Amino acid sequence: MKKKVLSVILASTMAFSLIACGGEAAAPAPAAEEPAAEEAEEPAAEEEAPAEEEAAEEEAAEEEATEEEAPAASGELINVGFAQVGHESDWRTASTKSCQDVFSEANGYNLSFVDCDNDSAAQLEAVRSFIEQDVDYIIIDPIVSTGWDTVLGECEDAGIPVVVIDRTIDDSDKYVSWVGSDFLTEGKAAGEWLKAYAEKKGISEINALIIQGTTGSSAQIGRTDGFSEVAEREGWTILDKQTGDFTEAGGQEVMESFCKSYEGKFNVVVCENDNEAFGAMTAMDNAGVSYGPDGDVILISYDACTAGLKEVQAGKITADFECNPLAAPTVEKVIQTLQSGGTPEAQILVPDNWYALKDQIVDFSVDGNAQSMTEVTDAVIEAQY
Ligand code: GYE
């Protein structure tokens, strides 16, 4: 991949994304690429290589005609660097697997994968190592939403397009596209569901504890803000909120301290992911606190991965608000669009569902939009990730 051409594509893409979304706007066609090393081993070409200009034209036409074709059609692998958050949760495992499946050699990619172990400095380092490796594209799942402008400027200077997956970057616009879920809506959905469910159950007072995700991650910020917005409007009490860092151990630790500090005072626990909920369940079991549809405490969770939905089915998690981790195929489409000289959408939302058992399914709206909930059954669990 020619870096100069990419710089042009990147610059035009970013200018475009400020004013509009969608559409395959005209953009410079990628230049002819050098034949891949592997091509030399393929049956010898009968004809002489066409002149460079002709080759460029031919390839541009070919790319237009075969938009759906594998990106490796030219025989050259596309080098992609992915700076992943870490391995803190079931959700993360599903996200990593999805990326590795999509950006496989068989699909025409050479993936440099870095597990940043929830360390922001390591994540910046990973991005810089991708620049040094001169990869064709960089994918970032930003651990925290700020601190990005400088390094993204370095990617821009190197002519390497950046695609942001899952969590958002809030202090820089130097990337092509973001593909992920709407965390604020997830938080509001949890709040609006709780309002409707509490009404149905005749619960008039809400005293909630929140076990938050990694502080400063957009997933944490959106879920906390969304839920808190409803809580404020309804006059609920949020007794406390502390981070469990999206891990089971973190969730357990925070819940152990909550059980001591707020014994007998809370009737709702909101965990900002399933793994924290598993830890909170252990802590509540140990403290003799009952939870779930038949217990004293309403337990709300996010992610709705297979393991989370099993706990909904088991009557432990009262409602689970999905965050779909399978964004990689959409990120690949973004990269394919760039490959063919198109302009990808600046923001692509991955849709989510809300899950509960039949008796916990209630009608509610988010920002005036009626929501539907999915009943957890064996088949639903089977189909989840
Ligand atoms: O909810 C959590 C993971 O960024 C949306 O990160 C993601 C969150 C997800 O560790 O389980």
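Residues numbered from 1 in each chain as written. Predicted model: local features only at pLDDT ≥ 70, side-chain atom pairs only at ≥ 80, totals over all residues. Heavy atoms only, no water.

**Digging into the packing of helix α8 (residues 248-261) against helix α9 (residues 274-287)**
Consideration 1: Orientation of α8 relative to α9, taken along the N-to-C sense of each, is 40°, at an axis distance of 6 Å. In the packing of α8 onto α9, the handedness of the crossing is right-handed. Between α8 and α9, the contacting residues are Glu 248, Gly 251, Gln 252, Met 255, Glu 256 and Cys 259 on the first element and Asn 275, Glu 276, Phe 278, Gly 279, Ala 280, Thr 282, Ala 283, Met 284, Asn 286 and Ala 287 on the second.
Consideration 2: Of the residues in the contact of α8 with α9, the class split is seven nonpolar, six polar and three charged. (Axes fitted to C-alpha atoms, helices over the stretch in contact; angles between N-to-C directions. Helix = DSSP H or I, 4+ residues; strand = E, 2+ residues; numbered from the N terminus. Left-handed = near helix turned anticlockwise from the far one by under 90°. Contact = heavy atoms within 4.5 Å. Nonpolar A, V, L, I, M, F, W, Y, C, P; charged D, E, K, R; others polar.)

**Digging into the site of the ligand**
Consideration 1: Near the ligand, the surroundings consist of 13 residues, among which Glu 88, Asp 166, Arg 167, Arg 223 and Asp 303 are the closest.
Consideration 2: One of the side-chain N or O atoms of Glu 88 is found 2.4 Å from an oxygen atom in the ligand.
Consideration 3: Within the side chain of Arg 92, a nitrogen or oxygen atom sits 2.9 Å from an oxygen atom of the ligand.
Consideration 4: A total of 300 Å² of accessible area belongs to the ligand in isolation, and the protein chains cover 100% of it. (Near = heavy atom within 4 Å. Polar contact = N/O pair within 3.5 Å; in protein donor to acceptor, adjacent residues only side chain to side chain. Areas by Shrake-Rupley, 256 points an atom, 1.4 Å probe, with all protein chains shown as cover.)

**Considering a negative patch on the surface**
Consideration 1: Among the surface-exposed residues, Asp 115, Asp 117, Asp 119 and Glu 125 lie close enough to one another that they form a single negatively charged patch.
Consideration 2: Note that Glu 125 resides in helix α4 (residues 120-133).
Consideration 3: Overall, Glu 125 belongs to the exposed group, its relative accessible area being 59%. (Patch = residues over 30% accessible without salt bridge, like charges linked within 9 Å, V, L, I, M, F, W, Y side chains within 5 Å. Salt bridge = Lys/Arg side-chain N within 4 Å of Asp/Glu carboxyl O. Lys, Arg positive; Asp, Glu negative; His and termini not counted. Charge placed at Lys NZ, Arg CZ, Asp CG, Glu CD. Buried < 20%, exposed > 50% of the residue type's maximum accessible area, 1.4 Å probe, protein only.)

**Looking at helix α10 (residues 306-313)**
Consideration 1: Where α10 is concerned, the buried positions are Thr 306, Gly 308, Leu 309 and Val 312. An end-on view of α10 places all buried positions within 160° of arc, on one side of the element. (Arc of directions from axis to C-beta.)

**Focus: the packing of aromatic side chains**
Consideration 1: The tally for this structure, following the rule as stated, stands at eight aromatic pairs.
Consideration 2: Measuring from ring centre to ring centre gives 4.8 Å for Trp 193 and Tyr 197, while their planes differ by 15°; the resulting arrangement is stacked. One end of the pair is Trp 193 and the other is Tyr 197, both in helix α6 (residues 183-201) and four residues apart, which spans about a single turn. Of the two residues, Trp 193 and Tyr 197, both sit in the buried class.
Consideration 3: Measuring from ring centre to ring centre gives 6.1 Å for Tyr 302 and Phe 321, while their planes differ by 50°; the resulting arrangement is tilted. Residue Tyr 302 is located in strand β9 (residues 298-303), and its partner Phe 321 is located in strand β10 (residues 319-322); the two are separated by 19 residues in the primary sequence. This pair shows no difference in class: Tyr 302 is buried, exactly as Phe 321 is. (Phe/Tyr/Trp six-rings, centres within 6.5 Å; stacked < 30°, edge-to-face > 60°.)

**Considering the pattern of salt bridges**
Where side chains of opposite charge bring their charged atoms close, a pairing between them can arise.
Consideration 1: Using the criterion set out here, one finds 15 salt bridges in the structure.
Consideration 2: With a shortest N-O distance of 3.7 Å, Arg 167 and Glu 88 are connected by a salt bridge. Of the two residues, Arg 167 sits in the loop between β4 (162-165) and β5 (177-180) while Glu 88 sits in the loop between β1 (78-84) and α3 (90-102), which places them 79 residues apart along the sequence.
Consideration 3: The exposure class assigned to Glu 88 is buried, which follows from its relative accessible area of 13%.
Consideration 4: Where Lys 188 meets Asp 367, a salt bridge forms, and the shortest distance between an N and an O atom there is 2.9 Å.

**Focus on unusual backbone geometry**
Consideration 1: The backbone of Asp 117 sits at a positive phi, close to 50°, despite the residue not being glycine.
Consideration 2: For Asp 117, the location among the structural elements is in the loop between β2 (109-115) and α4.

**A closer look at the side chain of Asn 267**
Consideration 1: One can find Asn 267 in the loop between α8 and β8 (268-271).
Consideration 2: A distance of 2.8 Å separates a polar atom in the side chain of Asn 267 from the backbone nitrogen of Asn 207.
Consideration 3: Setting aside anything within four residues of it in sequence, one finds Asn 267 in contact with Ile 203, Glu 205, Ile 206, Asn 207, Asp 296, Val 297 and Ile 298.

**Some thoughts on the sheet that holds strand β6 (residues 207-212)**
Consideration 1: Read from one edge of the open sheet, seven strands run β7-β6-β8-β9-β10-β12-β15, paired in mixed fashion. A strand with exactly one partner marks an edge of an open sheet, and here the two such strands are β7 (237-243) and β15 (373-375). Averaged over all adjacent pairs, the angle separating strand axes in this sheet is 20°, with direction ignored.
Consideration 2: In this structure, β6 lies alongside β8, joined through four bridges in parallel fashion. Along β8, the bridge assignment pairs Leu 209 with Val 269. (Pairing = 2+ DSSP bridges.)

**Structural notes on the sheet that holds β2**
Strands in a sheet are paired, the pairing made by backbone hydrogen bonds, and the direction either parallel or antiparallel.
Consideration 1: An order of β2-β1-β3-β4-β5-β11 is seen for the six strands of this open sheet, with the pairing classed as parallel. The two strands at the open ends of the sheet, each matched to only one other strand, are β2 and β11 (347-349). Across the sheet, the axes of successive neighbouring strands diverge by a mean angle of 15°, strand direction being ignored.
Consideration 2: Where β4 and β5 come together, three bridges link them in parallel fashion.

Nothing here speaks to function; it is all geometry.
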